[in-house]
Amino acid sequence: MDNNCLFCRIVAGEIPATVVHETDTTLAFRDIDPKAAVHVLVIPKAHHADVVALAQDDPAGSAALLAACAAVAEGEGLRADGFRVLFNTGGYAGQEVFHVHAHVLGGEPLGPMLAIR
Ligand code: AMP
Ligand code: ZN
């Protein structure tokens with residue numbers, strides 16, 4: 001655990017979150033500032049700074065994270081109408097929290113993939 005990491009502190013129970021799904025290795029909770037009707041963050045419990053670090057350091061954890069995203073989409077009822085999964089990574093993507101997290105977004109039409117095009 002990284003004591004300076006917001007999402008490690010959520011995993012540790014030091015900061016409250018609205019948890020919607022949990023496994024031995026993953027946690028999913030509602031984004032505090034939702035950008036869509038459904039906006040859930042899905043994280044590995046272990047600290048990895050971004051999706052590249054996770055993929056390189058823990059392939060099994062990467063698969064578990066993807067499976068957790070799928071379970072969240074099912075649990076939130078997003079499968080039929082569709083949804084989006086994204087990883088902001090680094091400066092151009094505006095990553096703010098450097099503990100890898102998948103954004104699972106849905107519950108309404110999501111518009112174009114990017115604001116700049
Ligand atoms: P990113 O820009 O991809 O790093 O996304 C970070 C996300 O974390 C943003 O969508 C924030 O709204 C969200 N966030 C920040 N603090 C919290 C918190 N305490 N609980 C839930 N979500 C949070
Ligand atoms: Zn962390």
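All values reported here derive from a predicted model rather than from experimental measurement.

The rules behind each value
Residues numbered from 1 in each chain as written. Chains lettered and ligands numbered in written order. Predicted model: local features only at pLDDT ≥ 70, side-chain atom pairs only at ≥ 80, totals over all residues. Heavy atoms only, no water. Core = buried A, V, L, I, M, F, W, Y, C linked by side-chain atoms within 4.5 Å. Buried < 20%, exposed > 50% of the residue type's maximum accessible area, 1.4 Å probe, protein only. Helix = DSSP H or I, 4+ residues; strand = E, 2+ residues; numbered from the N terminus. Contact = heavy atoms within 4.5 Å. Donors = N, O, S within 2.8 Å, 3.2 Å for Na, K, Ca; no water. Tetrahedral: all angles 85-135°; square planar, octahedral: opposite > 155°, others 65-115°. Expected span 1.5 Å × (residues − 1). Arc of directions from axis to C-beta. Phe/Tyr/Trp six-rings, centres within 6.5 Å; stacked < 30°, edge-to-face > 60°. Near = heavy atom within 4 Å. Polar contact = N/O pair within 3.5 Å; in protein donor to acceptor, adjacent residues only side chain to side chain. Areas by Shrake-Rupley, 256 points an atom, 1.4 Å probe, with all protein chains shown as cover. 1 Å grid on protein atoms, 1.4 Å probe; cavity = no way out; pocket = protein on both sides within 12 Å on 5 of 7 lines; lining within 4 Å. Sits in = over half its atoms within 2 Å of the grid points. Nonpolar A, V, L, I, M, F, W, Y, C, P; charged D, E, K, R; others polar.

Q: Can you walk me through the nonpolar core in this structure?
A: Grouped burial of nonpolar side chains is what soluble globular proteins tend to show. Counting 14 residues, the largest nonpolar core has Ala28, Val40, Val42, Cys69, Val72, Leu78 and Val104 as the members making the most contacts within it. In terms of residue count, the dominant contributor to this core is helix α3 (residues 59-75) (five residues). Contact partners of valine 104, with chain neighbours within four places excluded, come to Val38, His39, Val40, Val42, Cys69, Val72, Leu78, Phe83, Arg84 and Val85. Residues Phe7, Leu27, Phe29 and Ile43 belong to the second largest nonpolar core, which totals nine residues.

Q: What's the story with the coordination of the zinc ion (ligand 2) in this structure? I'm lost.
A: Donor atoms from the polypeptide that bind the zinc ion (ligand 2) are Cys5 (SG), Cys8 (SG), His47 (ND1) and His99 (ND1), placed at 2.0 to 2.3 Å. With four donor atoms in place around the zinc ion (ligand 2) and angles of 106 to 116° between them, the coordination shape is tetrahedral. Donor residues for the zinc ion (ligand 2) sit on one chain with the sequence pattern C-x2-C-x38-H-x51-H. Linking cysteine 5 in the segment before α1 (6-11) with histidine 99 in the loop between β4 (83-86) and β5 (102-106), this pair joins segments that are 94 residues apart in sequence. Exposure remark for histidine 99: the relative accessible area of 0% places this residue in the buried category.

Q: How should I be thinking about α3 in this particular structure?
A: Residues separated by three or four positions in an α-helix point in the same direction, a consequence of the helix having 3.6 residues per turn. Between its first and last C-alpha atoms α3 spans 24 Å; for 17 residues at 1.5 Å apiece the expected length is 24 Å, and the two agree. Turning to α3, its buried residues are Gly61, Leu65, Ala68, Cys69, Val72 and Ala73. Along α3, the residues classed as buried sweep out an arc of 140° about the axis, all on the same side. Across from the buried face of α3, at angles greater than 90 degrees, the exposed residues are Pro59, Ala60 and Leu66. At its buried positions, α3 is contacted by β1 (19-22), β2 (26-30), β3 (38-44), α2 (51-57), β4 and β5. Note on α3: the residue one or two positions beyond its end, glycine 77, has a positive phi of about 75°.

Q: Sorry, what's going on with the packing of aromatic side chains here?
A: Here a ring pair, both rings aromatic, is described through the centre-centre distance and the interplanar angle of the planes. A full pass over the atoms with the stated rule returns one aromatic pair. Each ring, one from phenylalanine 7 and one from phenylalanine 29, has its centre 5.3 Å from the other, and the planes form 80°; the classification is edge-to-face. Of this pair, phenylalanine 7 sits in helix α1 while phenylalanine 29 sits in strand β2, and the two are 22 residues apart along the sequence. For phenylalanine 29, a relative accessible area of 3% gives the class buried.

Q: Can you help me understand the site of ligand 1 in this one?
A: Among the 16 residues in the neighbourhood of ligand 1, the closest are listed as Asp31, Asn88, Glu96, His101 and His103. Histidine 101 is positioned with one of its side-chain polar atoms (N or O) 2.8 Å from an oxygen atom of ligand 1. Here an oxygen atom of ligand 1 and a side-chain polar atom of histidine 103 are 2.8 Å apart. In isolation ligand 1 exposes 510 Å². Once the protein is present, 87% of that is buried. According to the grid-proximity analysis, the pocket containing ligand 1 is the largest pocket. Residue classes in the shell around ligand 1 are distributed as six nonpolar, five polar and five charged.

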